[in-house]
Amino acid sequence: MMHLFGKKEGSPEERIEQCMQKRDWAGMVKVYYQLGVAAMEEGKLNHAQLWLSRADTIYSADDAVFKKVGEKLMDDCSDRIGELEEEPTLYHDIPERISEIAENLQDIQVRVWGLLSLARLVKLGERLAVLPGCEVLGKLGWAVDMVLKSFQIPPAEEEFNGLKDLCGELYEFGDASSFWGSKGEIEVLDRAPFQVFDLNGLMGVHLEIDAYIDGHLRMLCALSQGEEVPDPETGIIAQPLLPDYHVRTGEGKLEEMPLVKAELERIWNDYEFVASGMTWELIGQRVAEYKQLDILA
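Presented here is a report on the structure given in the accompanying data block.

Criteria and thresholds
- Residues numbered from 1 in each chain as written.
- Predicted model: local features only at pLDDT ≥ 70, side-chain atom pairs only at ≥ 80, totals over all residues.
- Heavy atoms only, no water.
- Patch = residues over 30% accessible without salt bridge, like charges linked within 9 Å, V, L, I, M, F, W, Y side chains within 5 Å.
- Areas by Shrake-Rupley, 256 points an atom, 1.4 Å probe, with all protein chains shown as cover.
- Salt bridge = Lys/Arg side-chain N within 4 Å of Asp/Glu carboxyl O.
- Lys, Arg positive; Asp, Glu negative; His and termini not counted.
- Charge placed at Lys NZ, Arg CZ, Asp CG, Glu CD.
- Helix = DSSP H or I, 4+ residues; strand = E, 2+ residues; numbered from the N terminus.
- Buried < 20%, exposed > 50% of the residue type's maximum accessible area, 1.4 Å probe, protein only.
- Disulfide = S-S within 2.5 Å.
- Pairing = 2+ DSSP bridges.
- Polar contact = N/O pair within 3.5 Å; in protein donor to acceptor, adjacent residues only side chain to side chain.
- Contact = heavy atoms within 4.5 Å.

1. Description of a negative patch on the surface
Taken together, the side chains of E71, D75, D79, E83, E85, E86 and E87 present a region of like negative charge at the surface. By secondary structure assignment, the location of E83 is in helix 5 (residues 71–84). For E83, a relative accessible area of 47% gives the class partly exposed.

This is how it looks when you write it as structure tokens:
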């Protein structure tokens, strides 16, 4: 099992750490790409997804890196990620299943389902927010409260604009080296540390939060103007699975890892909850509980 910051001289992990120290982002892309290609050739599809997606995130975020890496590597990396999308892995099977069963729900039920997953990211966001450049993640608790409140009463202009600004900050966070070029990490009891870049899986936790909040604001605008409401976003629902962290640090089948199994149970339990006569009082209670939940414990 590869651990990203191993100390074996000459190992890919050591080369990544050296690239970070030198701020050699193009070099770091190449190491991630090489790790991904090797994993793919060995049939380790989850690891291939992990490393290739990291390479893709970095060269997509920085124009200078984009130019240095070269089209040949980027085209092959993109092609390989496309191939992985056709494989039966949790990275793709769970979001697809969520999208399919969400069709059985009303619009508001899907949006509440997403809010419950967002609430489970609050505690993690608070812990990561102490790291340089990650302060925006400390605002998730406020965002959850504002979204829940605005389901019931129209938000004040200041609240609406605050959520809109948060979307912009989350988008910018994904392009910042504090996200993909940092060794920033937090301790996890009895487990390997959680790295900021572990948020990269499943299209990016920060980007799916952005998409969810943006979709909520678009819904509010449509309702206020008597226009057709856009379809709800479902990408946020799977985000607390944090597959990159578990693939990077764990052993065995991803779906059978204890924390992943526990989160899958919560996702499907939430589906049953929103599908079976939920009330705002019960939603508020569940949101409050989830905001205190440490999904890495």
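From this point, things continue past the structure.
2. Examining the state of the cysteines
Here the structure, examined in full by the defined rule, presents 0 disulfides. With no disulfide of its own, C19 lies 16 Å from the sulfur of C77, the closest cysteine sulfur. For C19, a relative accessible area of 9% translates into the label buried. Of all cysteine sulfurs in the structure, the one in C167 sits closest to C221, which takes part in no disulfide; the separation is 11 Å. The class of C221 is partly exposed, set by a relative accessible area of 30%.

3. Observations concerning the pairing of strand 2 (residues 191–195)
Two elements, strand 1 (residues 185–188) and strand 2, share 3 bridges in a ladder whose sense is antiparallel. Directly across from E185, in strand 2, lies its bridge partner Q195. What sits between strand 1 and strand 2 in their antiparallel hairpin is a turn of 2 residues, with D190 showing a positive phi close to 65 degrees.

4. A word on the side chain of D244
Inspection of the secondary structure puts D244 in helix 13 (residues 243–249). The side chain of D244 is buried and forms no salt bridge, while R54, the nearest opposite charge, is found at 4.4 Å. A distance of 3.1 Å separates the side chain of D244 from the backbone nitrogen of G201, its partner in a polar contact. Beyond its immediate stretch of four places on either side in the chain, D244 contacts L50, R54, Y91, F197, D198, N200 and G201.

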